[in-house]
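Descriptive analysis of the structure
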Protein chains: 2
Amino acid sequence: MPELRKDPIVGRWVIIAHERARRPYDFKAAGATHPRSQVCPFCEGQEGMTPPEILAYRDPGSRPNGPGWRVRVVPNRFPALQIEGELEKRGDGIYDRMAGIGAHEVIIESPRHHVSTSDLAPNEVREVLWVYRDRLVDLKRDGRLVHGMLFKNVGENAGASLEHTHSQLIATPIVPISVWEEMTGALEFYNYRGRCIYCDMVQQETAVEKRVVLDTPYFTAFCPYASRFPFETWIVPKVHESHFENIPGPAVDDLSRVLHEVLVKLELALDSPAYNYIVHTAPFDHAGLPHYHWHIEVIPRLTKVAGFEWGTGFYINPVPPEQAAAFLREVEAATLRPGTSVRSESTEGRPQPVRS
Amino acid sequence: MPELRKDPIVGRWVIIAHERARRPYDFKAAGATHPRSQVCPFCEGQEGMTPPEILAYRDPGSRPNGPGWRVRVVPNRFPALQIEGELEKRGDGIYDRMAGIGAHEVIIESPRHHVSTSDLAPNEVREVLWVYRDRLVDLKRDGRLVHGMLFKNVGENAGASLEHTHSQLIATPIVPISVWEEMTGALEFYNYRGRCIYCDMVQQETAVEKRVVLDTPYFTAFCPYASRFPFETWIVPKVHESHFENIPGPAVDDLSRVLHEVLVKLELALDSPAYNYIVHTAPFDHAGLPHYHWHIEVIPRLTKVAGFEWGTGFYINPVPPEQAAAFLREVEAATLRPGTSVRSESTEGRPQPVRS
């Protein structure tokens, strides 16, 4: 059973994943974390290689755990947290721990062997977003869990161990510290000014325009004023809402286009970099919050300069966000046919599961 | 002039380094950040390749910016912050910024082309530590600066762009968020219990022993209970002190041995991994603090699994710290002659400045 442990100084919780434990000599070869296979377990027709599915959007008449799906959710084979068990909260001297209870799911975004969300058509992205919503709504019912974090790693430098386009969902019995810090900071602003800081950001960004990448009826995509990373891009809904899972239908349609276009722009501008995106959303156990505002942060993984920045929170960004946004605005993503791959090395139809 | 910008939500300051700005296409080739050279600018005899020295420990009769030094401090050629100018604090709508004033110095730890602190003899490490102290004491006098962060990157994966063993010092007009969070968390504990949390940690760790790597008269080195990274190791002084620069002489002697031995152990155990270490110390503008406690965090850079962890603060550590500490205790570093290189590919005497 993995364990959740709390840093007694800053309050950060860490997953100590005993089940994933490796002997130190495993690190000597900088090898892959997961066993490699010649066949991609996420491709249509290989459903038997994953644990049984939790949810799938399927064509009529197709059977669970067989072909005929469009988006498919399965438990992670190497879960950081386990879904069965009790929380067993307890102290250990000055320290706090609990059992590593939680969900760790994989959202397989396409039956075909695409490698990035940008390879999907916007209507395929739309279904992925609906799946995100459905899984959050379902996991919310589990009284042990308080937060669901959706994220995506593309490319080895971003932590992806399988190439086939997929997202992950980790639902936890604690609120991750980054969400906690955002909620605390946003509440402080709200208490002082009576407004949501994210709403203010959207207003200022759309007014001054210079950091805006895309502006649509429901969303503004911009490079934030204090970007930690070159070409960091946030996608923020224009209408205030703290919980992603409350997103209305027309906004899902819009977001599928915005997310697709932002990723296409980044990939065209930066030659298909490794990237992460993370859906920041309020914890389950809160009703609608006036001070918090869900959003997506997209982070291309370009620099290794950032060595010590991990440990210190002290970021040096060599590209001013105004310059990054101007460049991304210029990229002619709009001329691309939706669903056209921007990757010259497109691997569609050629199973090639492991990138590293 | 670089700019310091504050994230209005979490309060994180970021350096936007205009001077380092690159055009987006620079990122297409995952190349080095700094121009490469065949000659190592940090080796003895190449003093003309660096900016003029700020401080050097020299042999009697040797001249500044010539050979004959043992440890040498120079301004970073590609500084993240600039030492000349006024702070120019101002708002920009809801945002806050100030000029990127600060010091960015490089501490060249040896005239010889060693690649890690572990390649130095403990008495050479001792002089490096004294230089750390001297630079903090000097920079403290600059009323614009409030904090000095000492850190070291070894290996390309840890962000090092030059191989020759060196540390860096960034002194800033703001307190880095990681230090701020530690100070806030530690103060909360102190207000509640009337004790320093780090002192409590040292007490519990030395009592239960299972996470201890080394225990000496002045220091305890241990893998912290909520380690974010495999083999993360903290070196914490046993006597309470908030400011590194107040370290007494005998503790410097002891620390030089502890730091050297911890690094040798990590390099033997993990086949000379890339690593960072960071000296966490209280801001300049505070007198001795009863609740904060300086320490060094050593982080081997082993996993890429940690992709999204950057952005979320949500860490998954596959190696329990008890297991890491047990392994490090077993490594027979003590049998090595001090100053013996543990790197089979030792590059001493063979200028080879760029690792990547």
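It should be emphasised that the depicted structure is a prediction, and the values quoted were computed from it without experimental measurement. (Residues numbered from 1 in each chain as written. Chains lettered and ligands numbered in written order. Predicted model: local features only at pLDDT ≥ 70, side-chain atom pairs only at ≥ 80, totals over all residues.)

So, the relation of the copies chain B and chain A
Mapping chain B onto chain A calls for a screw motion: a turn of 180 degrees about the axis and a shift of 0.0 Å along it, with 0.0 Å RMSD after fitting. Between the two chains, the operation in question is that of a two-fold axis. Of the residues that chain B buries at the interface, 100% are likewise interface residues in chain A, meaning the two copies contact each other through the same surface. (Least-squares fit on C-alpha atoms with pLDDT ≥ 70 in both. Contact = placed C-beta atoms within 7 Å.)

A short note on the pairing of strand E8 (residues 147-154) of chain A
Residues and elements named next belong to chain A. Of all eight residues that make up E8, eight are buried, and the element is covered over most of its length. Alternating residues of E8 divide into His 147, Met 149, Phe 151 and Asn 153 and Gly 148, Leu 150, Lys 152 and Val 154, and every residue in both groups is buried. Pairing analysis gives five bridges linking E8 to strand E9 (residues 166-172), with the strands arranged antiparallel. Pairing of Met 149 across the sheet is with Ile 170, part of E9. Sheet topology places E8 next to strand E13 (residues 275-280); five bridges connect them, and they run antiparallel. If you follow Val 154 over to E13, its bridge partner there is Tyr 275. (Buried ≥ 20, exposed ≤ 12 C-beta atoms within 10 Å, placed from the backbone. Helix = DSSP H or I, 4+ residues; strand = E, 2+ residues; numbered from the N terminus. Pairing = 2+ DSSP bridges.)

Here we look at the pairing of strand E2 (residues 13-16) of chain A
Here E2(A) shows a buried face lined by A:Trp13 and A:Ile15 and a second buried face lined by A:Val14 and A:Ile16. The pairing of strand E1 (residues 3-6) of chain A with E2(A) spans four bridges and is classified as antiparallel. Looking at the pairing, A:Leu4 lines up with A:Ile15 of E2(A). Hairpin connection of E1(A) to E2(A): six residues between the antiparallel strands, including A:Gly11 at a positive phi of 85 degrees. As paired elements, E2(A) and strand E15 (residues 315-317) of chain B share three bridges and run parallel to each other. Of the residues in E15(B), the one forming a bridge with A:Val14 is B:Tyr315.

Things to note about the environment of B:Ala324
Along the chain, B:Ala324 turns up in helix H6 (residues 321-330). Considering only alpha carbons, one finds B:Ala324 and B:Lys210, 114 residues apart in sequence, at a separation of 9.8 Å.

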